[in-house]
Amino acid sequence: MANLLLVNEETSHYPQQKFRKVESPHDKLFKETFSHIKVTRSFLHHYLPPGVMKFLNTDTLKLEKDSFISKELEESYSDLLFSADIDGKEGYVYFLFEHKSYADRTVTFQILKYMAEFWDAKMRKENLKTVPPVIPLVMYHGNTSWNTSDMLRKAIAKYDDLPREIRQFIPNYKFLLFDFTNFPDEEIKGEARIRILITMFRDIRKAESVQELLRILERSISYLQELDDKQTGMEYFETMLYYIFSAATNVTRGNTDEITEKIKNSYPEGSKIIMSLADMFREEGKELGKEEGKKQGKKEMEEILVKNSIKKGLDPHIIEEITGLSQEEIQKIASNVKE
């Protein structure tokens, strides 16, 4: 099977740097998509306000190795940092991707913390007296639309009512928000992988049947076929499929055969990949079944041991020490012992 992170295009540090292992399928799709400079450049050109873009030189765009997500938050957030000239001087664009099912009201504080950590590290490492500007972007997709402010001052009680003399001591900033939850079709623009990513993030968790999933897949394949580099298309196709099988909450892996057949007809070059993934998921299912069987067997043995101990008149506390079960669990089993 091809490496999910194998990249042939210009990607700066991405192929060389080892990102922390994050099991979230959202993180995988986000990182694989925006690791390509060409894709990130397309996103910025299509989605950043013109007033910002006229100062941002995307020809100088470069993916940096820095990440500011703490280990306890990496299941909820992903980030990528890009350097790029802003108004002819050194600058940075910071992508924060929130992949929780709801908008976090503390995200404005999180970004401020990440930017402060970046500035602190840069100032110390390069012995600077001033630091370069950072443009923060927040990408979000959830079960509900984004419902919190994109400005820090909105999180500070009665900020606008404070005297100007007081406000000058309180930090404030604004981030660029991209909420993919209900993104209209006509607003999905840019390079093929951008359109696939937005379509996936918007629709995949809402798919309630294999038919809906197949429609999402068909649309994404039509975008994928626009790529001139077929090898790049194949690599991204694998990432896309991995995301579908991992993130589709209302579609079981028992639908694999139907999905495989659809791909054979609409994207035959991807047949080997879907077959490999299907085999992998089947093996995972077998292993899961074995684990469930072991758990069930252990539970039955525990029940037999508790019942026999009760019949022999052993004290419940001794039974607790022998089995490791709680008194509540022991009492539950005891209630089923026939007199």
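Before reading further, recall that the structure is shown in the block above.
As the structure is a computational prediction, the values presented were derived from the model and not from experiment. (Residues numbered from 1 in each chain as written. Predicted model: local features only at pLDDT ≥ 70, side-chain atom pairs only at ≥ 80, totals over all residues. Heavy atoms only, no water.)

K.L.:
Help me understand the pairing of strand S4 (residues 134–140) in this model?
P.N.:
Of all the 7 residues making up S4, 7 are buried; the element is thus mostly covered by neighbouring parts of the structure. Side chains of S4 alternate between two faces, with Val-134, Pro-136, Val-138 and Tyr-140 and Ile-135, Leu-137 and Met-139 buried alike. Here strand S3 (residues 92–98) runs beside S4; their pairing, made up of 7 bridges, is parallel. In the strand pairing of S4, Tyr-92 is matched with Val-134. Following the chain from S3 across helix H4 (residues 107–126) to the adjacent parallel S4, one finds a crossover that is right-handed. As judged from the 4 bridges shared by S4 and strand S5 (residues 176–179), these two strands associate in the parallel manner. Of the residues in S5, the one forming a bridge with Tyr-140 is Asp-179. (Buried < 20%, exposed > 50% of the residue type's maximum accessible area, 1.4 Å probe, protein only. Helix = DSSP H or I, 4+ residues; strand = E, 2+ residues; numbered from the N terminus. Pairing = 2+ DSSP bridges. Right-handed = clockwise from strand over helix to strand, strands pointing away.)

K.L.:
Help me understand the packing of helix H7 (residues 210–224) against helix H8 (residues 230–247) in this model?
P.N.:
To characterise two packed helices, one gives the angle between the axes of the helices and the distance between these axes. Close contact between H7 and H8 brings their axes to 11 Å; oriented N to C, the two are set at 160 degrees. The angle between the axes of H7 and H8 places the two elements in the roughly antiparallel class. The interaxial crossing formed by H7 with H8 has right-handed handedness. Between H7 and H8, the residues in contact are Leu-213, Leu-217, Ser-220, Ile-221 and Leu-224 and Gly-233, Tyr-236, Phe-237, Met-240, Leu-241 and Ile-244, respectively. In the contact of H7 with H8, the residues fall into 9 nonpolar, 2 polar and no charged. (Axes fitted to C-alpha atoms, helices over the stretch in contact; angles between N-to-C directions. Parallel < 35°, antiparallel > 145°, perpendicular 65-115°, else oblique. Left-handed = near helix turned anticlockwise from the far one by under 90°. Contact = heavy atoms within 4.5 Å. Nonpolar A, V, L, I, M, F, W, Y, C, P; charged D, E, K, R; others polar.)

K.L.:
How should I be thinking about the pattern of salt bridges in this particular structure?
P.N.:
Opposite charge on two side chains permits pairing when their charged atoms draw close. As enumerated under the stated definition, the model contains 13 salt bridges in all. In this structure, the salt-bridge partner of Asp-27 is Lys-31, at a minimum N-O distance of 3.5 Å. Within this pair, Asp-27 and its partner Lys-31 are both found in helix H1 (residues 25–34), separated by 4 residues, close to a single helical turn. Here the two residues Asp-27 and Lys-31 agree in accessibility, since each one is buried. When the shortest N-O distance is used, the salt bridge between Asp-203 and Arg-202 registers 2.8 Å. Salt bridges here are not isolated pairs; linked through shared partners, they connect Asp-185, Arg-202, Asp-203 and Arg-219. (Salt bridge = Lys/Arg side-chain N within 4 Å of Asp/Glu carboxyl O.)

K.L.:
Quick question: what am I supposed to make of the packing of aromatic side chains here?
P.N.:
The description of an aromatic ring pair uses the distance of the two centres, along with the angle that the planes make with each other. Using the criterion set out here, one finds 20 aromatic pairs in the structure. Taken together, a centroid distance of 4.9 Å and an interplanar angle of 20 degrees make the contact between Phe-97 and Phe-201 stacked. Remark: Phe-201 occurs in helix H6 (residues 192–203) and Phe-97 occurs in strand S3; sequence separation between them is 104 residues. We classify Phe-97 as buried; its relative accessible area is 0%. By relative accessible area, which is 3% here, Phe-201 ends up buried. Ring geometry for Phe-180 versus Phe-201: centroids 6.4 Å apart, planes at 25 degrees, classification stacked. Taken together, the residues Phe-180 in the loop between S5 and H6 and Phe-201 in helix H6 connect sequence positions 21 residues apart. Judged by its relative accessible area of 0%, Phe-180 is buried. (Phe/Tyr/Trp six-rings, centres within 6.5 Å; stacked < 30°, edge-to-face > 60°.)

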